[in-house]
Amino acid sequence: MNTPALAHTGLTRMEVTATIHQRKARMYALADGYAALPGGYGTFDELFETLTWAQIGEHAKPIGLLNVNGYYDPLLAMLDRATAEGFIFDEHRRALLCASDPESLLDAMLAFDPPVEAVKRWMRQD
């Protein structure tokens, strides 16, 4: 749905899709990486879907959080707890990049080395 009041007026191009699934597929096709800015349910959904895809080897693109004013601190603490309790593997937790300023986040994303070996945990060994 296109809500003109929410569209950034300085965009050089805007693509509108009929569903969130089409939006995510289009985003996946165009992206060299994913950066989540502070947001709500839609941002969380897209963030966790891209993390899950990376975890199972669907992509090896960098994923970052722009942690403006500590916005993502509670989420990062939850992810650290899930890792400590064995629900997330260390290498998958480290694959989520985080910085408080855009330049540092982009630098980390450009230097990203995906945990390729970790993907094997999710592959069948027949």
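Note that this is a predicted model, so its numbers are computed, not measured. (Residues numbered from 1 in each chain as written. Predicted model: local features only at pLDDT ≥ 70, side-chain atom pairs only at ≥ 80, totals over all residues. Heavy atoms only, no water.)

Observations regarding a nonpolar patch on the surface
Next, step 1: Taken together, Leu11, Met14 and Val16 make up a surface patch of nonpolar side chains, about 270 Å² in accessible area.
Next, step 2: As for its placement among the helices and strands, Met14 is situated in the segment before helix 1 (20-30).
Next, step 3: Owing to a relative accessible area of 41%, Met14 belongs among the partly exposed residues under this scheme. (Patch = residues over 30% accessible without salt bridge, like charges linked within 9 Å, V, L, I, M, F, W, Y side chains within 5 Å. Areas by Shrake-Rupley, 256 points an atom, 1.4 Å probe, with all protein chains shown as cover. Salt bridge = Lys/Arg side-chain N within 4 Å of Asp/Glu carboxyl O. Helix = DSSP H or I, 4+ residues; strand = E, 2+ residues; numbered from the N terminus. Buried < 20%, exposed > 50% of the residue type's maximum accessible area, 1.4 Å probe, protein only.)

Thoughts on the pattern of salt bridges
Next, step 1: Applying the stated rule across the entire model yields 7 salt bridges.
Next, step 2: A salt bridge links Glu46 to Arg23; the shortest N-O distance between them is 2.7 Å. In this pair, Glu46 is assigned in helix 2 (residues 41-55) and Arg23 in helix 1, connecting sequence segments 23 residues apart.
Next, step 3: Here Glu46 falls in the buried class, since its relative accessible area comes to 13%.
Next, step 4: Using a relative accessible area of 40% as the deciding quantity, one classes Arg23 as partly exposed.
Next, step 5: With a shortest N-O distance of 2.8 Å, Glu49 and Lys24 are connected by a salt bridge. With Glu49 in helix 2 and Lys24 in helix 1, the pair connects residues that are 25 residues apart, well separated along the chain.

Focus: the sheet that holds strand 1 (residues 34-36)
Next, step 1: Taken in spatial order, the 3 strands of this open sheet run 1-2-3, and their pairing is parallel. One side of each edge strand has no neighbouring strand; the edge strands of this open sheet are strand 1 and strand 3 (96-99). Each adjacent strand pair in this sheet contributes to an overall mean axis angle of 25°, direction not counted.
Next, step 2: Where strand 1 lies against strand 2 (residues 63-66), 3 bridges are found, and the strand directions are parallel. Paired with Ala35 across the bridge in strand 2 is Gly64. (Pairing = 2+ DSSP bridges. Axes fitted to C-alpha atoms, helices over the stretch in contact; angles between N-to-C directions.)

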